[in-house]
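Coordinates in review
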Amino acid sequence: MHWLTVALREVKLGFRNPWAYSFMALFSLFSLALLLIQSQAQMSGYTSSTGTMLNLILYLLPLMTLLLGSFSVTAEKEEGGWQLLSTYSIGTSSYLLGKYGGLAVVLFIIIGFGYGFSGLIGALMGRSFAADAFLLFLAFSAGLILLFLAIAIGVGTLSRNRWQALTYGVAIWFFLILGWPTLLVSVLGFLPYLWIKPALVGLTFLNPAELVRVYMIVKMGGGTVFGAEYYQWVEWIQKPAGTPIFIGICLAWIGLFLAAAIIGWERRRYRG
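Here's a quick rundown of the structure. (Residues numbered from 1 in each chain as written. Predicted model: local features only at pLDDT ≥ 70, side-chain atom pairs only at ≥ 80, totals over all residues. Heavy atoms only, no water.)

1. Structural notes on helix 8 (residues 180-189)
Note the following rule: The cut-offs for exposure are 20% and 50% of the maximum accessible area for each residue type, with area from a 1.4 Å probe on protein chains only; residues under the lower value are buried, those over the upper are exposed, and the others partly exposed. In this description a helix means any DSSP run of H or I spanning at least four residues, a strand means any run of E spanning at least two, and both kinds are numbered starting from the N terminus. Here the arc refers to the directions that run from the helix axis out to each C-beta atom. Residue contacts are counted whenever heavy atoms from the two residues lie within 4.5 Å of one another.
The complete set of buried residues in helix 8 reads Trp-180, Leu-184 and Leu-188. Buried residues of helix 8, seen end-on, are gathered within an arc of 55° and therefore sit on one face of the element. Counted as exposed and oriented over 90 degrees from the buried face of helix 8: Thr-182, Val-185 and Gly-189. Looking at the buried side of helix 8, the elements it contacts are helix 7 (162-178), helix 9 (193-206) and helix 10 (208-219).

Next up, the structure:
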């Protein structure tokens, strides 16, 4: 149970980190903004206002997760925490899985506090989140955190210091969040028409943010906004087995990145 010990230690360290409180304050203000959008739009199902809210969450949470996660791992290298822990009988997999679990708890507490704070303010103002909208946004946020945290662990493993982690994290965030639509259009424009649909499906699986976004929008009844190219996505997501399949894909995504991080850490560990 070494991983559990590491996870508990990570939770304690996480709330000694001023970055965690900065992101908590930022996400709380951000959640209040979402509440105002939701209360003014009187949303039901997927609307343009819902899409705006999802995009706002998509901009903030992956970046927050990448920075907190990668900084936590690189800090252990810079401050000597890993050198101390490596003198005990703890394996790389237990260490990184514990880091992942502890950081996930910290990030869940941050978003839980943010949504809870905005919900409390909304209740006092008579403008609280609709229950179904609240659960969907919470699920969307949790999915982004779990997927991008696996990437963050990999970034922290690859980086020698926090500056490298910052550079890699921001670059990945820019590529997957801001630059993705432009890059997608550019790549698909060079392909024959018959290749576009399978290429679109394959590329969507490569981007965790897009994967979660497509799933959530379809679940909210907005699958038609994607056009005919995503018809099969809408079909399988809306089936009873759609959610288990999606969870399985996400677990495979997380497992792949954590396995790569463990292998990379092991190589660095024995090469010194």
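From this point, the narrative continues.
2. Topic: the packing of aromatic side chains
Quick note on the threshold: Pairing of aromatic rings covers Phe, Tyr and the six-membered ring of Trp, with a centre-to-centre limit of 6.5 Å; geometry is then stacked below 30 degrees between planes, edge-to-face above 60, and tilted otherwise.
Scanning all chains against the criterion turns up eight aromatic pairs. Taking the centre distance of 6.3 Å and the plane angle of 10° together, the rings of Phe-113 and Phe-117 count as stacked. Placement of the pair is Phe-113 and Phe-117 together in helix 5 (residues 92-125), with a separation of four residues, close to one helical turn. The class of Phe-113 is partly exposed, set by a relative accessible area of 43%. Residue Phe-117 is classed as partly exposed on the basis of its relative accessible area of 31%.

3. Here we look at a nonpolar patch on the surface
Our working rule: Residues with no salt bridge and a relative accessible area higher than 30% make up the patches, which join like charges within 9 Å and nonpolar side chains (Val, Leu, Ile, Met, Phe, Trp, Tyr) within 5 Å. We get accessible surface area from the Shrake-Rupley algorithm with a probe of 1.4 Å; when it comes to residues, only the shown protein chains can shield them. Salt bridge, as used here: a side-chain nitrogen of Lys or Arg that lies within 4 Å of a carboxyl oxygen of Asp or Glu.
Side chains of Trp-3, Leu-4, Leu-8 and Leu-97 sit close together on the surface and give an oily, nonpolar patch of about 360 Å² of accessible area. Here the element with the most residues in the nonpolar patch is helix 1 (residues 2-14); it accounts for three residues. Note on placement: Trp-3 falls in helix 1.

4. Re the packing of helix 8 against helix 9
The test is simple: Angles run from 0 to 180 degrees between N-to-C directions of axes, and those axes are lines fitted to C-alpha atoms, restricted for helices to the stretch in contact. Note on angle classes: values under 35 degrees are labelled roughly parallel, values over 145 roughly antiparallel, values of 65 to 115 roughly perpendicular, and the remainder oblique. For any helix crossing, the convention is left-handed if the near helix is rotated counterclockwise from the far helix by under a right angle, and right-handed if that rotation is clockwise. Here the term charged refers only to Asp, Glu, Lys and Arg, the term nonpolar to Ala, Val, Leu, Ile, Met, Phe, Trp, Tyr, Cys and Pro, and the term polar to all other amino acids, Gly among them.
The N-to-C vectors of helix 8 and helix 9 enclose an angle of 150°; their axes lie 11 Å apart at closest approach. Compared by their axis directions, helix 8 and helix 9 come out roughly antiparallel. Where helix 8 crosses over helix 9, the handedness of that crossing is right-handed. Judged by residue contacts, Trp-180, Leu-184, Val-187 and Leu-188 of helix 8 engage Ile-196, Ala-199, Leu-200 and Leu-203 from helix 9. For the contact of helix 8 with helix 9, the class distribution of residues is eight nonpolar, no polar and no charged.

5. Thoughts on the nonpolar core
In a soluble, globular protein the nonpolar side chains are often hidden away together inside. The line we're drawing: Definition used in this section: a nonpolar core is a set of buried Ala, Val, Leu, Ile, Met, Phe, Trp, Tyr and Cys residues joined via side-chain atoms within 4.5 Å.
Counting 73 residues, the largest nonpolar core has Ile-57, Ile-110 and Leu-144 as the members making the most contacts within it. Discounting chain neighbours no more than four positions away, the residues touching Leu-144 are Ile-57, Leu-58, Leu-61, Pro-62, Leu-149, Ala-209 and Val-212.

6. Notes on the pattern of salt bridges
Counted under the stated rule, the structure contains four salt bridges. Linking Arg-9 and Glu-76 is a salt bridge whose minimum nitrogen-to-oxygen distance equals 2.8 Å. One end of the pair, Arg-9, is in helix 1; the other, Glu-76, is in helix 3 (residues 48-79), and 67 residues separate them in sequence. For Arg-9, a relative accessible area of 26% gives the class partly exposed. A salt bridge links Glu-210 to Arg-213; the shortest N-O distance between them is 2.8 Å. Taken together, the positions of Glu-210 and Arg-213, both in helix 10 and three residues apart, correspond to about one turn of that helix. Salt bridges here are not isolated pairs; linked through shared partners, they connect Arg-9, Glu-10, Glu-76 and Lys-99.

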